[in-house]
Structure formats: C-alpha cells, structure tokens
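Letter by letter, the chains look like this.
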Amino acid sequence: MASFSQFGNDLYTGKRSYDIVGRRRTWYLIAIIAIVVSLAVPWLRGGYQLGIEFTGGSEFTISDVSTTNQNLATNAVEKVVSDEIPRVSQLGQHGLRVQVGQLTDAETTQIQRSLADAYDVDTSKVASTFIGATWGADVLAQAIRGLVIFLALAAVFMALYFRTWKMSLSAMVALLHDLLITAGVYGIVGLEVTPAAVIGFLTILGYSLYDTVVVFDKVRENTAQESHRTFVQSVNLAVNQTLVRSINTSVVALLPVAAILFIGSYVLGAGTLRDISLALFIGIIVGTYSTIFIASPMYAHLRENEPKVKQADAKKTAAAKKRADAAAAVDA
C-alpha cells in the first residue's frame, strides 16, 4: 500500500510521468478501431437484439419448476406456433422466462397450458404478459429523446463551466465513444437490449462526465499557472496527477456493480438487475479509458495550435534550451 501511495505521489509531483498526451495518436487509433468494430459487427449480425419491451410480444413466466431445462419450453412453444422461435432464460433457481412474438388470445392460452404440462406445474404457475409494439416504440423514442437532451445540456454546462467550447467538445466525443462501445458490446455478444440496459447506458454517461470534469478541473488549474512546462506538458501532468484517483474511483465503483451483476444473473435471476449492472460494468471500464486517453489528449490537440499557446510554448522551449545549454557548459 505504501509503494502504491508513493507511486501516486510521484505522479502528482511529476517525479514519475507517463507521456499519455504525447501518444494521443495511438489512443485515437485504438478508439477508432474499437468504434468501427462496435458498429460493424452488430450490423453484420443483423442488428441489435431488442427486448420484448421494444418489439412487442408475449412473455410467460414459469415458477416453482423442478427442472430448468430450456429445451422443454422451446418444444412446448413450437407445438402451438411452429414458426415461432422463443427466447428462454432462467430466473433464479426455480423459474424460467419465455418470450415470443405477437400471439392471439387462443395461442396465449394454449402455450400457457403447454408450458404447464411440459414442466409438470399447475397453470396458475405460468403467468403471461402481453406488451404492445406501440408501447415499445414509445419507450425507444423516449430513450433517444432523453439521450439527446442529456448530451445537449452536458455540452452547454461544460462550455459555461470551463469557459471554452473545446473542453466541451472533447468531453462530448468521450461520451459518444463510451456509448458506442458499450452498445457495441451488447451487439457483438448478442445481449438483449432492454429498457433497463438503456437506463444503464444513460447512467454511465453521467459517471464518465463526472470523471472527465474532475480531470479537466486539474487541467485548467495547471494550464492557468505560470510554469516552465509547455501547454501539452501541463495537460499531461494533470492526467498523471489524477491517474491514480481515476483508477481508484473506477475500481471502487466496479466492485459493487460486479456484485450486483453476479447476484442478479446467477443467484436471483433478476433480468432488470442484470441488464442495468452489465451496462454499468462495461461503461465504467470504457468511461475510465476515455477520460484518461481520449478527453484530455483531444483537448490538448485542439488547443496546442492556438497562436497564444504556440507563442507561449515557443518561449518556454527556448528558455528550457538555454537552461540546458548553461548546465552543459557548467558540466564541461
């Protein structure tokens, strides 16, 4: 623990430093590849697997079963509607969820009885729910509207708080990076996108923005001070100074999220808990990366060619060269 504390102290004082901003092209390339894969693979696989809440359909929940063999549910559904491919998932230790497309009232009753017979339970243990496609479309529209409003308000807040649109733009690029990659993981793995997952997506944007604001506060503090460091060097120092904090915050946030993910998926079988926690787990990791390797390097990139910044950097570089020449002359 002492060595880790010393490591953090060395980063803060500048005794130890990683050239994160200077290697920004490498981080850009990694981000671009990740985004392209996140967009291309789901598209090649036929798009995202939307939950029944978005597409509409019927859902059956079977409780108190003696076996969780999912093939029994599949066969039971196909006996009634042969052209339907059900999605079956386990709920806890003694429950199953079966999702199918739009059904008539008669088909719903027949499937309910068929499932009860397949798992040797009373029909009262098989609950059915119908979700209309119109309701699902409304949920999707509200989610997109909420995302757009959030990004717009966040961009305005960042521009006003830091008094520069370039910090705001860098933060928005990082947020879009987080959203695209997190959603891409869902599409690549074939995970179902539900309203709970969408809530998780929106939540991670708030986390990522918070982490970015903390780093940008240090960037503003360093670049406003008079020092021998160039603008890029000052930004890089700020990233190093907040590196340990960002890692610690992410680890502390990931631990309870991982616990909820494990409990929701494997113990309780609660779909809502699993969907929210999975989106949070992926998003926190991606958000930490974007804060360190995307947002701050991009801000330095946007500002390093400004006339005032270039002029100040030229003076500092010349002064540093004079000091080095003087030190070499003394050594000689």
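What you see is a predicted model; the values in this text were computed from it and never measured.

**Student:** Explain the overall build of the protein chain to me, using residue names and the numbers behind them.
**Tutor:** Along its length, the protein chain carries 12 helices and 6 strands. Expressed as a percentage of its 332 residues, the buried residues of the protein chain come to 44%. Here the contacts in the protein chain between residues at least 6 apart in sequence split such that 78% fall between residues at least 24 apart. Total accessible area on the protein chain stands at roughly 17400 Å², and carbon and sulfur atoms take up 63% of it.

**Student:** Account for the side chain of S290, naming residues and giving values.
**Tutor:** Within the secondary structure, S290 is located in helix α11 (residues 271–303). For S290, a relative accessible area of 0% corresponds to the buried category. Not counting the four nearest positions on each side in its chain, S290 is found in contact with A174, H177, D178, S208 and A295.

**Student:** So what's going on with the nonpolar core? Residues and values would help.
**Tutor:** Counting 49 residues, the largest nonpolar core has M158, M172, Y186, L209, F216 and V219 as its most contacted members. For this core, the leading source of residues is α11, giving 10 residues. Residue contacts for M172: discarding those within four places in its chain leaves L151, A154, A155 and L209.

**Student:** Can you explain the pairing of strand β2 (residues 57–63)? Please cite residues and give values.
**Tutor:** Along any regular strand, the residues point their side chains to alternate faces of the sheet. Buried residues dominate β2, accounting for 5 of its 7 residues. Relative to strand β5 (residues 126–131), β2 runs antiparallel, the two being bridged by 6 bridges. Within β5, the position partnered with G57 by the bridge is I131. The sheet contact formed by β2 and strand β4 (residues 95–100) spans 6 bridges and is antiparallel. By the bridge assignment for β4, S63 is matched with G95.

**Student:** So what about unusual backbone geometry? Which residues, and what values?
**Tutor:** Glycine aside, a negative phi is what most residues show, and trans is what most peptide bonds show. The backbone of D64 shows a phi angle near 60°, a positive value even though the residue is not glycine. For D64, the location among the structural elements is in the loop between β2 and α4 (70–80). Positive phi outside glycine occurs at D120, with the angle close to 55°. Position of D120 among the secondary structure elements: in the loop between α5 (105–118) and β5. We classify D120 as exposed; its relative accessible area is 71%.

**Student:** Could you give me a rundown of a nonpolar patch on the surface, with the residues and numbers involved?
**Tutor:** Judged by side-chain polarity, L29, I33, V37, I188 and V189 come together as a nonpolar surface patch covering roughly 410 Å² of accessible area. Elements represented by at least two residues in the nonpolar patch include exactly α2 (24–44) and α7 (165–189). Ranked by residue count, the leading element in the nonpolar patch is α2, at 3 residues. Judged by relative accessible area, I188 falls into the partly exposed class, the value being 30%.

**Student:** Report on the confidence of the model for the protein chain, specifying residues and quantitative values.
**Tutor:** Detailed reading of the predicted coordinates is not advisable wherever pLDDT is low. For the protein chain, mean pLDDT is 81; residues scoring 70 or higher make up 89% of the total. Averaged pLDDT values for the elements of the protein chain fall to 65 in helix α1 (residues 2–13) and rise to 91 in α2.

**Student:** Could you give an account of the environment of R303, naming the residues involved and the relevant values?
**Tutor:** Among the secondary structure elements, R303 is positioned in helix α11. Dropping the residues within four chain positions of it, R303 is found in contact with K166, F231 and V309. In this structure the side chain of R303 is engaged in a polar contact, spanning 2.9 Å, whose partner is the side chain of Y299.

**Student:** Tell me what's going on with the sheet that holds β5, and back it up with residues and numbers.
**Tutor:** As a general point, the strands of a sheet are linked pairwise by backbone hydrogen bonds and lie either parallel or antiparallel. Ordered in space as β3-β4-β2-β5, the 4 strands form an open sheet in which the pairing is antiparallel. The open sheet has two edge strands with one neighbour each: β3 (87–90) and β5. Strand-to-strand twist of the sheet, defined as the mean angle between neighbouring strand axes without regard to direction, takes the value 15°. Each of β3 and β4 is contacted by α4, which is oriented at about 150° to β3, the strand it contacts most. On top of the sheet, α5 reaches β2, β4 and β5; it is set at about 25° to β2, its chief contact.

**Student:** Let's hear about the pattern of salt bridges: which residues, and what values?
**Tutor:** Close approach of charged atoms lets side chains of opposite charge pair. In this structure the tally under the stated criterion is 7 salt bridges. Measuring nitrogen to oxygen at the nearest pair gives 2.7 Å for the salt bridge that ties E306 to K166. Of this pair, E306 sits in the loop between α11 and α12 (307–331) while K166 sits in helix α7, and the two are 140 residues apart along the sequence. With its nearest N and O atoms 2.9 Å apart, the salt bridge here joins R245 to D211. Of this pair, R245 sits in helix α10 (residues 243–267) while D211 sits in helix α8 (residues 195–224), placing them 34 residues apart in sequence. One continuous salt-bridge network, built from bridges that share partners, spans K166, R303 and E306.

**Student:** An account of the packing of α8 against helix α9 (residues 231–241) is needed here, citing residue identities and associated values.
**Tutor:** Following both chains from N to C, one finds α8 and α9 inclined at 140°, their axes separated by 8 Å at the closest point. Between α8 and α9, the interaxial angle falls into the category oblique. Helix-helix and strand crossings are classified by hand; for α8 and α9 the assignment is right-handed. Here α8 contributes K218, V219, N222 and T223 to the contact with α9, which in turn contributes F231, S234, V235, L237, A238 and Q241. Residue composition of the contact of α8 with α9, grouped by class: 5 nonpolar, 4 polar and 1 charged.

Criteria and thresholds
- Residues numbered from 1 in each chain as written.
- Predicted model: local features only at pLDDT ≥ 70, side-chain atom pairs only at ≥ 80, totals over all residues.
- Heavy atoms only, no water.
- Helix = DSSP H or I, 4+ residues; strand = E, 2+ residues; numbered from the N terminus.
- Buried < 20%, exposed > 50% of the residue type's maximum accessible area, 1.4 Å probe, protein only.
- Contact = heavy atoms within 4.5 Å.
- Areas by Shrake-Rupley, 256 points an atom, 1.4 Å probe, with all protein chains shown as cover.
- Core = buried A, V, L, I, M, F, W, Y, C linked by side-chain atoms within 4.5 Å.
- Pairing = 2+ DSSP bridges.
- Patch = residues over 30% accessible without salt bridge, like charges linked within 9 Å, V, L, I, M, F, W, Y side chains within 5 Å.
- Salt bridge = Lys/Arg side-chain N within 4 Å of Asp/Glu carboxyl O.
- pLDDT = per-residue confidence, 0-100.
- Polar contact = N/O pair within 3.5 Å; in protein donor to acceptor, adjacent residues only side chain to side chain.
- Axes fitted to C-alpha atoms, helices over the stretch in contact; angles between N-to-C directions.
- Parallel < 35°, antiparallel > 145°, perpendicular 65-115°, else oblique.
- Left-handed = near helix turned anticlockwise from the far one by under 90°.
- Nonpolar A, V, L, I, M, F, W, Y, C, P; charged D, E, K, R; others polar.

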